[in-house]
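# Working through the structure, step by step
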Amino acid sequence: DHALSAYERARLDFKKEDFEQALKFAAQAARQEPQNEWYQRLWADIYREMGRYKEAAGVLEALVKSRPGAKALYVQWAALLEKAGLFSSSLKVYDEMEVRFGLLEEIIQNKVRVYLAMADPKKAAREWERLSAAFPTNLDYLHALAAFYQNQNDPVKAQQTYQRILALEPSDPKAMAA
């Protein structure tokens with residue numbers, strides 16, 4: 001099996017940190033058997049190690065299309081786009097994840113990080129607000145929102161958020177101390 005031989009050679013070259021050779025063989029294996037997730041993952045890992053994040057993201061994008069239920073692949077894809085400086089593309093992947101998997105804290109945290117990397121704290125705050133609005137009795141989300149406002153040097157909004165917490169849980173120690 002040529003694809004398996006190429007994959008094994010790519011793994012050996014990768015371990016030796018001969019990334020150019022590893023890339024050549026990984027690409028060969030991945031192209032011969034595009035449905036083989038392990039071949040695709042190795043190909044993406046080699047690109048990532050070489051700092052070629054956009055190419056690694058492209059491999060993961062194709063992998064996500066073949067395995068749309070694999071949440072971890074979406075996260076890896078978006079993170080690679082972020083590392084490549086393709087923030088808008090990264091946010092689109094997180095939006096896709098929300099459609100597929102629902103509004104999750106993990107997605108919001110990642111979107112907040114991207115918005116902050118884009119120097120857009122207002123949109124980052126809006127993400128925390130969306131999450132806390134969707135789960136209004138979840139004190140963890142409200143605490144995260146209050147902490148976000150504190151980190152952004154917005155004591156008024158932080159205090160307002162702590163008041164929301166106290167309305168739900170009058171004896172909350174963090175909110176009482178704020």
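The following refers to the structure shown. (Residues numbered from 1 in each chain as written. Predicted model: local features only at pLDDT ≥ 70, side-chain atom pairs only at ≥ 80, totals over all residues. Heavy atoms only, no water.)

This part covers the packing of helix α8 (residues 121-134) against helix α9 (residues 139-151). Where α8 meets α9, the closest approach of the two axes is 9 Å, and the angle between their N-to-C directions is 165 degrees. As summarised for this structure, α8 and α9 are arranged roughly antiparallel, according to the angle between their axes. In this structure, α8 crosses over α9, and the sense of that crossing is left-handed. Facing α8, whose interface residues are Pro121, Ala124, Ala125, Trp128, Glu129, Leu131 and Ser132, α9 presents Tyr141, Leu142, Ala144, Leu145, Phe148 and Tyr149. Within the contact of α8 with α9, the residues separate by chemical class into eleven nonpolar, one polar and one charged. (Axes fitted to C-alpha atoms, helices over the stretch in contact; angles between N-to-C directions. Helix = DSSP H or I, 4+ residues; strand = E, 2+ residues; numbered from the N terminus. Parallel < 35°, antiparallel > 145°, perpendicular 65-115°, else oblique. Left-handed = near helix turned anticlockwise from the far one by under 90°. Contact = heavy atoms within 4.5 Å. Nonpolar A, V, L, I, M, F, W, Y, C, P; charged D, E, K, R; others polar.)

Before going further, it helps to examine the pattern of salt bridges. Side chains carrying opposite charge are able to pair once their charged atoms draw close together. In total, this model carries 18 salt bridges according to the counting rule given. One salt bridge in this structure joins Arg52 and Glu55, with 3.4 Å as the shortest N-O distance. According to the relative accessible area criterion, Glu55 is partly exposed, its value standing at 32%. Its salt-bridge partner being Glu129, residue Arg164 comes within 3.5 Å of it at the nearest N-O pair. Of this pair, Arg164 sits in helix α10 (residues 155-168) while Glu129 is found in helix α8, placing the two residues 35 residues apart along the sequence. Look at the salt bridges and you will find they share partners, linking Asp95, Glu98, Lys111, Glu127 and Arg130 into a network. (Salt bridge = Lys/Arg side-chain N within 4 Å of Asp/Glu carboxyl O. Buried < 20%, exposed > 50% of the residue type's maximum accessible area, 1.4 Å probe, protein only.)

Okay, unusual backbone geometry next. One non-glycine residue, Ala119, lies in the positive phi region at around 60 degrees. Considering the arrangement of structural elements, one finds Ala119 in the loop between α7 (105-117) and α8. By relative accessible area, Ala119 is classed as exposed at 63%. Phi is positive for Asn153, which is not a glycine, with a value near 55 degrees. Along the polypeptide, Asn153 turns up in the loop between α9 and α10. The exposure class assigned to Asn153 is exposed, which follows from its relative accessible area of 68%.

Further remarks concern the nonpolar core. In this structure, Trp43, Ile46, Leu60, Trp77, Trp128 and Phe148 are the most contacted members of the largest nonpolar core, which totals 51 residues. Here the element with the most residues in this core is helix α2 (residues 19-32); it accounts for eight residues. Not counting the four nearest positions on each side in its chain, Trp43 is found in contact with Leu23, Ala26, Ala27, Ala30, Arg31 and Val59. Listed in part, the five residues of the second largest apolar core include Leu142, Ala146, Ile165 and Ala175. (Core = buried A, V, L, I, M, F, W, Y, C linked by side-chain atoms within 4.5 Å.)

Right, let's talk about the environment of Thr161 for a bit. Considering the arrangement of structural elements, one finds Thr161 in helix α10. Looking at Thr161, the relative accessible area reads 2%, which means it is buried. Residues Thr161 and Leu145, spaced 16 residues apart in sequence, show a C-alpha to C-alpha distance of 7.2 Å. Only 2.8 Å separates the side chain of Thr161 from the backbone oxygen of Lys157, close enough to count as a polar contact. (Polar contact = N/O pair within 3.5 Å; in protein donor to acceptor, adjacent residues only side chain to side chain.)

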